[in-house]
Amino acid sequence: MIMWTRTYLLLLLLRLYLAISPSYIHPDENFQGPEVVAGKLFSFPHHLTWEFTTDRPVRSISPLWIVYGVPMTILQWLWTETGREQVAPEVIYYALRVLMFLLSFVLEDWAIHELVPSPQQRKLAVVLAASSYVTWTYQTHTFSNSVETLIVAWSLVMIQRILDNKYRSSRVSTAILGALLTFGIFNRITFPAFVFVPMLYLIPHFINRPFSLLALVASTTAASVLAISIDTAFYTSSPFSLLNLIRHPTITPLNSLFYNASTANLSLHGLHPRYQHIVASLPLLLGPALPLLFNSPRMTSLPFISAISGTAFLSLIPHQEPRFLLPIIPLLLSSVQLPRTKSLTHTFLAAWIIFNVLLGILMGIYHQGGVIPAQIWLGQQDESLGVGEVLWWRTYSPPVWLLGGNDNNITTTDLMGMPFEDMKSRVHAGVGKCGDQGPALGLVAPASSTELDVWTQGERGFEGGGKGVWCLRRCGGTGGI
């Protein structure tokens, strides 16, 4: 018991360390959450992606206000109590990372305790989930998929509680389940895929106890009306009114369903074969734990059924990314058992440790790890920096809100993977000719872009530094960052 406890605490510290490490796994962890809320709450510079600007918005703002807006508001209040006016964006950024760590630690691990009845199996399940790089990295970042993981887990907990309580209507658990179902659907349209089959197990319960079904319907309806009201108020330019809510409601899950039902729309984001999740996503997320599923002792449990059915449903959608399967990782890891022989167990544990350490370092530390520090550094500079525009080349789109309220009038331009020669032309056009007056041009690029080494050595006006940012001025007056 002591060994399991020490192992878990060590893994918890590792999860916290990687939670506050500045890796940047995917732009969606920023642009589908903190960028939107921070921009609205603090008037920080921000960029709204197409999900929020289309005529039929596909992203609900209501889960974002709950998950990010409330903590940001509390943080701002605490900040002002210390006598300072505006909370710094980097403080918000790391506070949200710590928040995601706490949600993962408390809600995900607690849910596993609830879903696994056997004490021996429970210890293994908690340690396996805690030692997964997915838990260390994806689950501690501000992904909607990470939030979905928690909602799926606790929806299953509520379903299990209702099923176990055979002699009562469980109206409280049913009402909580209704609120969770609504939150999950408004958070991500993929959510029903994970709970549809487990919800079928409740049909006999609802037939025998109709008041429980009434509690579910009432809770779901109330939560849906609240979410639709928040979305309608956010997306409507005119003042919010009950009449406007009735006549022109903004129902983002419905818009998302219609959008994702079109293959033409999904082709804009990339189409994949139906077996992508099976042959690529699951091995990438589970690694050496994947073969253990074929000998699972809990194939009839709610977590296993939810994971398998969710994977099957999402495999029908032609656009597939590994993070879409995040909710099934703790469910599957809580359903496996170690190999029966000691030698196979030692082999598995060695492979499991190596797999997660390597992926944890890559995804938790080095993956686009310079984007966040560079943008925070730029946001901390005053006007004396003299940079009017910053070009980002071969990086993910940077979080604009990290420039903060004092953004020094910096324009952020994302060059994405533009060819090197085109990037050079864009830089020369932005810098201008000798003698031209005006602000300098910033260039942010990965240190691995070796073409820059030769180019910058032969150009005047370049000076580089540790943040991966180049400050380019017209002929004279170089300034390195």
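It should be emphasised that the depicted structure is a prediction, and the values quoted were computed from it without experimental measurement.

The helix and strand inventory of the protein chain stands at 23 helices and four strands. Over its C-alpha atoms the protein chain spans a radius of gyration of 25 Å, differing by no more than 12% from the 23 Å that the globule rule assigns to 481 residues. The principal-axis extents of the C-alpha atoms in the protein chain amount to approximately 85 × 70 × 50 Å. Counting over 481 residues, the protein chain shows a buried share of 51%. When contacts within the protein chain are restricted to residue pairs at least 6 apart in sequence, those whose partners lie at least 24 apart make up 74%. Of the roughly 22100 Å² of accessible surface on the protein chain, a fraction of 65% belongs to carbon and sulfur atoms. Positive and negative charge centroids in the protein chain, built from 29 and 27 side chains respectively, lie 14 Å apart.

Put simply, helix α6 (residues 89-115) and helix α9 (residues 144-164) touch, their axes get as near as 9 Å, and they point 30° apart. Classified by the angle their axes make, α6 and α9 are roughly parallel. Relative to α9, α6 is oriented so that their crossing is left-handed. For the pair α6 and α9, the contacting residues are Met100, Leu103, Leu107, Glu108, Trp110, Ala111, Glu114 and Leu115 in the first and Ser146, Val147, Leu150, Ala153, Trp154, Leu156, Val157 and Arg161 in the second. Looking at the contact of α6 with α9 residue by residue, the class counts come to twelve nonpolar, one polar and three charged.

Here the distance between the centres and the angle between the planes together describe a pair of aromatic rings. Per the stated rule, a full pass over the model turns up 14 aromatic pairs. Seen from their ring centres, Tyr133 and Phe355 are 5.6 Å apart, and the 80° between their planes marks the pair as edge-to-face. One end of the pair, Tyr133, is in helix α8 (residues 133-136); the other, Phe355, is in helix α20 (residues 342-366), and 222 residues separate them in sequence. Each of the two residues, Tyr133 as well as Phe355, counts as buried. These aromatic residues form a ring-pair network of at least three members: Tyr133, Tyr138, Phe143, Phe348, Trp352 and Phe355. It is Arg84 that lies over the ring of Trp79; its NZ or CZ is 3.9 Å from the centre.

The next thing to look at is the pattern of salt bridges. Evaluation of the coordinates by the stated rule reveals nine salt bridges. Arg426 is paired through a salt bridge with Glu389; the nearest N and O atoms lie 2.6 Å apart. Of this pair, Arg426 sits in helix α22 (residues 420-431) while Glu389 sits in strand β1 (residues 387-393), and the two are 37 residues apart along the sequence. Through salt bridges that share partners, Asp28, Glu321 and Arg323 make up one connected network.

So, on to the confidence of the model for the protein chain. Summing up the model confidence of the protein chain, the mean pLDDT is 90 and the portion of residues at 70 or higher is 93%. Note that pLDDT drops below 50 for residues 474-481; the model gives that stretch 31 contacts with residues more than four away or on any other chain.

Quick look at the nonpolar core now. In globular proteins that are soluble, nonpolar side chains generally tend to be buried together. By size, the foremost hydrophobic cluster in this structure holds 92 residues, and its most contacted members are Tyr68, Ile92, Tyr133 and Leu177. With ten residues, α9 is the largest single contributor of residues to this core.

Within the secondary structure, Val387 sits in strand β1. Using a relative accessible area of 6% as the deciding quantity, one classes Val387 as buried. Taking the C-alpha atoms as reference points, Val387 and Thr182, separated by 205 residues in sequence, lie 46 Å from one another.

With that settled, the discussion passes to the environment of Ile328. Within the element layout of this structure, Ile328 appears in helix α19 (residues 328-333). Taking the relative accessible area as the measure of exposure, Ile328 reaches 0% and is therefore buried. If we skip the residues at most four places from it in the chain, Ile328 touches Phe194, Leu282, Ala307 and Thr311.

It is worth spelling out the pairing of β1 at this point. When you tally the buried positions in β1, you get seven out of seven residues, the bulk of the element. As judged from the five bridges shared by β1 and strand β3 (residues 440-444), these two strands associate in the parallel manner. Along β3, the bridge assignment pairs Leu391 with Leu443.

Turning our attention to helix α5 (residues 62-81). Along its 20 residues, α5 runs 27 Å from first to last C-alpha, staying within 8% of the 28 Å computed at 1.5 Å per residue. For α5, the principal kink sits at Gly69 and spans about 40°; a proline, Pro71, occurs within the next four residues. All of the buried residues in α5 are Ser62, Pro63, Leu64, Val67, Tyr68, Gly69, Met72, Leu75, Gln76 and Trp79. Taken together, the buried residues of α5 touch α3 (34-42), α4 (50-53), α6, α9, α10 (171-187) and α13 (210-235). Positive phi appears at Gly83, one or two residues downstream of α5, with a value of about 95°.

If you check the backbone angles, Ser43 has positive phi at about 60° while not being a glycine. Note that Ser43 resides in the loop between α3 and α4. Exposure remark for Ser43: the relative accessible area of 61% places this residue in the exposed category. Of note in the backbone geometry, Gln368 takes a positive phi value of approximately 50° without being a glycine. Position of Gln368 among the secondary structure elements: in the loop between α20 and α21 (371-380). A residue is classified by how much of its surface remains accessible, and Gln368, at 24% relative accessible area, is partly exposed.

Conventions and cut-offs
- Residues numbered from 1 in each chain as written.
- Predicted model: local features only at pLDDT ≥ 70, side-chain atom pairs only at ≥ 80, totals over all residues.
- Heavy atoms only, no water.
- Helix = DSSP H or I, 4+ residues; strand = E, 2+ residues; numbered from the N terminus.
- Rg over C-alpha atoms; globule rule 2.2 N^0.38 Å.
- Buried < 20%, exposed > 50% of the residue type's maximum accessible area, 1.4 Å probe, protein only.
- Contact = heavy atoms within 4.5 Å.
- Areas by Shrake-Rupley, 256 points an atom, 1.4 Å probe, with all protein chains shown as cover.
- Lys, Arg positive; Asp, Glu negative; His and termini not counted.
- Charge placed at Lys NZ, Arg CZ, Asp CG, Glu CD.
- Axes fitted to C-alpha atoms, helices over the stretch in contact; angles between N-to-C directions.
- Parallel < 35°, antiparallel > 145°, perpendicular 65-115°, else oblique.
- Left-handed = near helix turned anticlockwise from the far one by under 90°.
- Nonpolar A, V, L, I, M, F, W, Y, C, P; charged D, E, K, R; others polar.
- Phe/Tyr/Trp six-rings, centres within 6.5 Å; stacked < 30°, edge-to-face > 60°.
- Lys NZ or Arg CZ within 6 Å of the ring centre and 35° of its normal.
- Salt bridge = Lys/Arg side-chain N within 4 Å of Asp/Glu carboxyl O.
- pLDDT = per-residue confidence, 0-100.
- Core = buried A, V, L, I, M, F, W, Y, C linked by side-chain atoms within 4.5 Å.
- Pairing = 2+ DSSP bridges.
- Expected span 1.5 Å × (residues − 1).
- Bend = angle between axes of the 7 residues up to and from the residue.

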